[in-house]
Amino acid sequence: MNIDEKWQNAWERDHVFEPKIDERKKFMITVPWPYTNGSLHVGHGRTYTLGDIIARYKRSRNYNVLFPMGFHQSGTPILAFSERIRAGDASTIALYRSYLSEYGEKDIDGWLEKFKDPRNIADYFSNAIINDFKHLGYSIDWTRKFTSADEFYQNVVKWQFHKLNEKGLIKQDKYPILYSIDDDNAVGEDDIKDGDTDKVSVEEYTAVFFESNSYSLIAASLRPETLFGVTNIWINPTGEYVKIKIGDKIAVVSKEAVDKLKYQRNDVSVIGPISAESIQRKKFTTPFGKEVPVYKADFVDTDNGTGVVYSVPSHSVYDFVYYRRKKSGQTPVVIEAPLKMPEVEIKFDLNSKEGLDEATKELYKSEFYYGKLVNSGEYTGLTVRDAREKIKKDLIGSGKAIIFYETSRKAVTRGGSKVIVAVLPDQWFIDYSADWLKKLSHDMLNRMMIYPEMYRNVMNDAIDWLKERPCARRRGLGTKLPFDDRWVIESLSDSTIYPAVYTTSIQMRKLYENGKLDENAIERIFDGGEVQNDEERTARNEFSYWYPVDIRLTAVPHISNHLSFYVMNHAAIFPPEKWPSGLIISGLVVSNGAKISKSKGNVVSLLEITKKYSADIYRLYVAVQADVSSTMDWNENDLSNIVRRFNEFKTIMDSFKPDTSELNFEETWFVSRFAERLKQFMDQMDGFQIRDAYINIFYGTLNDLKYAVNRGASQNRSLASIIADWLRALMPVISHHAEEYWHRYVSNTYVSINPFDDNFAEKYERLAKVYGLSTSEFYQVMDYVEHIIQDINNIISVTGIEPKSVEITVANEDVIKASREFLSNSVSERSKRYLQYLAKRRKDIVVYPFNEIDILRRNSSYISRQVKADVSINTGDIINGKIAVPGKPVIHIT
């Protein structure tokens, strides 16, 4: 049995991470519960590993820590995958064969048969993820686990929705939503492929009628304020176009747009196909009376908008480039802004897509924030912002335009179905626009700890932006909407306050099994009232002790959905004392410099990591490869240095033979250096600077040990004085090996739950005082010695001397006194003779807290070895016109 398995089994056997209520300060940390439609990869692992590192660190500081985990099984993806397996879809079956093969299943066909029931997919991958997480050494309390499909939890969700409804936040109305035609169902971020990291939103276009004598063209745009600058209309020469009846008008759109319109309106019918050539033969009139031609352009995407685009070359970079190929001369300017098309052509490379996109972004920004309309009739003089809304309103009011909804990017569900925008007439949603709710949410955010701090404003902006959120679907796994059981609560709306259930899941499950978990019982547990039995009392005590969540750790793409809903639902339902206390928002993860995806071949599963490397190597990689808020690149080439230093650590620890005899000077320096590193480590970890903390305490201490041993220190004596605290500090990251060496050399207790002494620094101070120094003073000693060696080497390099002897003259007491007076601008008569010399060397003066000559004499042999010459050390003042000042001796080489 390897070290990983040995301690994973021991932790589970002895229930090490199953905390009970006690007198210590509590700390509850949560990370998003994983979705159980497949295996997790290295990107997911970063979030969970960072959460575990923080949980373990807090235990080392004597907090009573709860790190729970459950599983998300709601929504349509699991159901859709199951249906595709039942239908014999080859790509889905191949995907799940690869998952099952990776987990070593022999009867893959048998499992695929079972996966025709979606609950079996959910349960299989829930168990697989538990296994993956255990293999990575996560200190999770698995006794509290539950899933969003558990019936007792669904009772809590129903209670939650009744609470929201009582506060007037649940509404039903016509509403545009993301929708899968194949699945005949609304979809959200959790249902969409890459929806959690590459957000898809609903965008509202103004679809404008360009009229002819027989039919209209409908061109959809986000920028109706540019209509006075239209020069022509673009259509795709190879696209399929369709004549439709929409309301009382005959119009033409692309074939792909027809389906979208039908899902957004009930007054659309198809008349028949129409060729691009026949469209091009006509001219069309803008809503403001200008007649324009139709040109063909292969850049028009018939599956974006209506497949018809109106051209405004002065205010659209793509239009400018393509129009110039057709015509020459001036084009109408209708927006006055700092950045204009002539400058765009000079500033950007318009021969590449990257340049076109960058230019488009900059021109749009300039016009939107600083632009005013010109040459635009009654709208002249309005800002772009104001004109956009007024023109849209006027056009729609006069029947010359309609609202058309489109997705912000091309999207498919996790099962591969196309996503569009549909307008459902009876959609249920949570209304997050209420002023009282936004105020409470802002109050919560502004009293929270948020790391990095820069995300506080981002979160507040996300709260301001959030309005209505569809909260129910016609199909999928999950909880039935309590006031309309034809609907199922969607997968993000049922997982907003679920961390509260971690505190009470054991008792709530028992209450449910005994038929006693009704909404009144849940209300008593969460919201006060006289409890009616022992299980309710215990649940109430657990909730009161553990809640709120002290740290919620998740990734940056979740700000606009998961985290915003988490904050606003807590604000709506719980009193301020139960609001979340802190958020940590981590950066993205890429693999080999690219977004993680199967198509790029850079998906590395958590299971593969633990098979190929040890858990501790992966954990160390996550800790030191990038700051929490930065993007982490999983690149196996970068692992080599980590593996090398990790093996160096293991070699040192495996050969360690404890020696507690008296420390020499070099060993005392090493111990003092460690004491100061440990203080820095704690400050860094308390500030969630995990990368800095472990570069300091792991790499830094290894480097210090090597340096001390090269100076004549005993490795065993040096380590003996620090090994317990070093293993405590390393435990949050290299958990298994810290546990192994703790049991070998320190104690039969578990380092995972053995905290630092409150007065840990005192023992190190006692050791340093043997030499009349504090640990912080000792921390500077070798830096001072190394600076002297560097100065000697610099002189040798500049002069080309091959040294036989080096004389180091350290400032005497008179010069030290004079230097202090000089720096404080109060020079005595006795010290004035040094004044002109000190003035010349002011920048060199450093008055150290230790005796320089004593330190240099203790280190004379080392200095001599380093500079390859005999070394003598004396005190003095002015030597050949040079003065030895504190911190900068005079060096003479012969």
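To keep things clear, this report deals only with the structure shown in the data block. (Residues numbered from 1 in each chain as written. Predicted model: local features only at pLDDT ≥ 70, side-chain atom pairs only at ≥ 80, totals over all residues. Heavy atoms only, no water.)

1. With respect to the overall build of the chain
Part 1 of the argument: Counting its secondary structure elements, the chain contains 34 helices and 32 strands.
Part 2 of the argument: Along the first, second and third principal axes, the C-alpha set of the chain runs to 105 × 80 × 55 Å.
Part 3 of the argument: In the chain, which comprises 894 residues, the share counted as buried stands at 57%.
Part 4 of the argument: Taking the contacts inside the chain whose residues are at least 6 apart along the sequence as the reference set, 76% of them involve residues at least 24 apart.
Part 5 of the argument: Only carbon and sulfur atoms are counted for the fraction: they give 47% of the accessible area of the chain, which is about 37200 Å².
Part 6 of the argument: Separation between the mean location of the 118 positive side-chain charges and that of the 124 negative ones in the chain comes to 3 Å. (Helix = DSSP H or I, 4+ residues; strand = E, 2+ residues; numbered from the N terminus. Buried < 20%, exposed > 50% of the residue type's maximum accessible area, 1.4 Å probe, protein only. Contact = heavy atoms within 4.5 Å. Areas by Shrake-Rupley, 256 points an atom, 1.4 Å probe, with all protein chains shown as cover. Lys, Arg positive; Asp, Glu negative; His and termini not counted. Charge placed at Lys NZ, Arg CZ, Asp CG, Glu CD.)

2. Here we look at the nonpolar core
Part 1 of the argument: Counting residues in each nonpolar core, the largest one holds 117 residues, and the members touching the most others are F133, F649, F681, Y694, W726 and I792.
Part 2 of the argument: With sequence-adjacent residues up to four places away left out, W726 is seen in contact with F649, M653, F674, I697, F698, T701, L702 and L719. (Core = buried A, V, L, I, M, F, W, Y, C linked by side-chain atoms within 4.5 Å.)

3. Here we look at the sheet that holds strand β25 (residues 589–591)
Part 1 of the argument: The strand order β26-β25-β27 describes an open sheet built from 3 strands, whose pairing is mixed. Edge positions in the sheet fall to β26 (594–595) and β27 (632–634), since each has one partner strand and no second.
Part 2 of the argument: By the bridge criterion, 2 bridges tie β25 to β26 in an arrangement that is antiparallel. The partner of V590 across the bridge, within β26, is K595. (Pairing = 2+ DSSP bridges.)

4. A word on helix α12 (residues 353–370)
Part 1 of the argument: Spanning 18 residues, α12 covers 25 Å between terminal C-alpha atoms, matching the ideal 26 Å at 1.5 Å per step.
Part 2 of the argument: Every buried residue belonging to α12 is among G355, L356, A359, L363, S366 and E367, and all of these are buried. In an axial view of α12, the angular spread of the buried residues amounts to 100°, which keeps them on one side of the axis. Exposed residues lying more than 90 degrees from the buried face of α12 are K353, E354 and K361.
Part 3 of the argument: Against α10 (317–326), β15 (335–336), α11 (341–347) and α13 (384–397) lie the buried residues of α12. (Expected span 1.5 Å × (residues − 1). Arc of directions from axis to C-beta.)

5. Notes on the packing of aromatic side chains
Where two aromatic rings form a pair, the distance of their centres and the angle of their planes describe that pair.
Part 1 of the argument: Applying the stated criterion across every chain yields a total of 72 aromatic pairs.
Part 2 of the argument: Between Y545 and W546, the aromatic rings sit 4.7 Å apart at their centres with planes inclined by 85°, giving edge-to-face as the arrangement. Comparing Y545 with W546, the two get one shared label, buried.
Part 3 of the argument: For the cation-ring pair, R56 lies above W11, with the distance from its terminal atom to the ring centre recorded as 4.6 Å.
Part 4 of the argument: Sitting above the plane of the Y63 ring, K58 keeps its charged end 4.8 Å from the centroid. (Phe/Tyr/Trp six-rings, centres within 6.5 Å; stacked < 30°, edge-to-face > 60°. Lys NZ or Arg CZ within 6 Å of the ring centre and 35° of its normal.)

6. With respect to the sheet that holds strand β23 (residues 551–555)
Part 1 of the argument: Strand order in the open sheet formed by 5 strands is β2-β1-β23-β24-β19, and the pairing between neighbours is parallel. The open sheet has two edge strands with one neighbour each: β2 (64–66) and β19 (449–451). In this sheet, adjacent strand axes meet at a mean angle of 15° when their direction is disregarded. (Axes fitted to C-alpha atoms, helices over the stretch in contact; angles between N-to-C directions.)

7. Thoughts on unusual backbone geometry
Part 1 of the argument: In the segment running from Y451 into P452, the intervening peptide bond is cis, with an omega of -5°.
Part 2 of the argument: With respect to the element layout, P452 can be found in the loop between β19 and α15 (455–465).
Part 3 of the argument: In this chain, Y547 is followed by P548 through a cis amide linkage whose omega measures 15°.
Part 4 of the argument: Tracing the backbone shows P548 in the loop between α19 (534–546) and β23.
Part 5 of the argument: Of note, the phi angle at N825 is positive, near 60°, even though the residue is not glycine.
Part 6 of the argument: The class for N825 is exposed, based on a relative accessible area of 65%.
Part 7 of the argument: Backbone geometry places K868, a non-glycine residue, at a positive phi of 60°.
Part 8 of the argument: The residue K868 is located in the loop between α34 (860–867) and β29 (870–876) in this model.

8. As for the pattern of salt bridges
Where charged atoms from two side chains of opposite charge come close, those side chains can pair.
Part 1 of the argument: The full count for this structure, using the stated rule, is 65 salt bridges.
Part 2 of the argument: Here K134 makes a salt bridge to E12, at a shortest N to O gap of 3.0 Å. Linking K134 in helix α6 (residues 118–135) with E12 in helix α1 (residues 3–13), this pair joins segments that are 122 residues apart in sequence.
Part 3 of the argument: When its relative accessible area of 44% is taken as the criterion, E12 is described as partly exposed.
Part 4 of the argument: With a shortest N-O distance of 3.1 Å, R744 and E740 are connected by a salt bridge. Here R744 and its partner E740 are both found in helix α28 (residues 735–745), 4 residues apart, which amounts to about one turn of the helix. (Salt bridge = Lys/Arg side-chain N within 4 Å of Asp/Glu carboxyl O.)

9. Some details on the packing of α15 against helix α20 (residues 559–573)
Part 1 of the argument: α20 packs onto α15 with a crossing angle of 80° between their chain directions and a minimal axis gap of 10 Å. The orientation of α15 relative to α20 falls into the category roughly perpendicular. Residues Y455, V458, M459, A462, I463 and W465 of α15 lie in contact with α20, whose contacting residues are I559, S560, L563, S564, V567 and M568.
Part 2 of the argument: Taken together, the residues of the contact of α15 with α20 break down into 10 nonpolar, 2 polar and no charged. (Parallel < 35°, antiparallel > 145°, perpendicular 65-115°, else oblique. Nonpolar A, V, L, I, M, F, W, Y, C, P; charged D, E, K, R; others polar.)

10. As for the side chain of N232
Part 1 of the argument: Inspection of the secondary structure assignment puts N232 in strand β7 (residues 232–235).
Part 2 of the argument: A polar atom in the side chain of N232 sits 2.7 Å from the side chain of T231.
Part 3 of the argument: Excluding residues that lie within four positions of it along the chain, N232 makes contacts with V292, P293, Y295, V309, Y310, S311 and Y323. (Polar contact = N/O pair within 3.5 Å; in protein donor to acceptor, adjacent residues only side chain to side chain.)

11. Topic: helix α17 (residues 505–513)
Part 1 of the argument: Among the residues of α17, S505, Q507, M508 and L511 are the ones counted as buried. All buried residues of α17 project into a common sector of 160° when viewed along the axis, lining one side.
Part 2 of the argument: Looking at the buried side of α17, the elements it contacts are α7 (151–166), α16 (499–502), α18 (519–527) and α19.
Part 3 of the argument: Positive phi shows up at G515, right after α17, with a value of about 70°.

12. A word on the pairing of strand β18 (residues 419–431)
Part 1 of the argument: Counting buried residues in β18 gives 11 out of 13 residues, a clear majority hidden from the surface.
Part 2 of the argument: As paired elements, strand β3 (residues 170–180) and β18 share 10 bridges and run antiparallel to each other. If you follow D173 over to β18, its bridge partner there is Q427.
Part 3 of the argument: As judged from the 3 bridges shared by β18 and strand β20 (residues 468–470), these two strands associate in the antiparallel manner. Paired with D431 across the strands is E468, a residue of β20.

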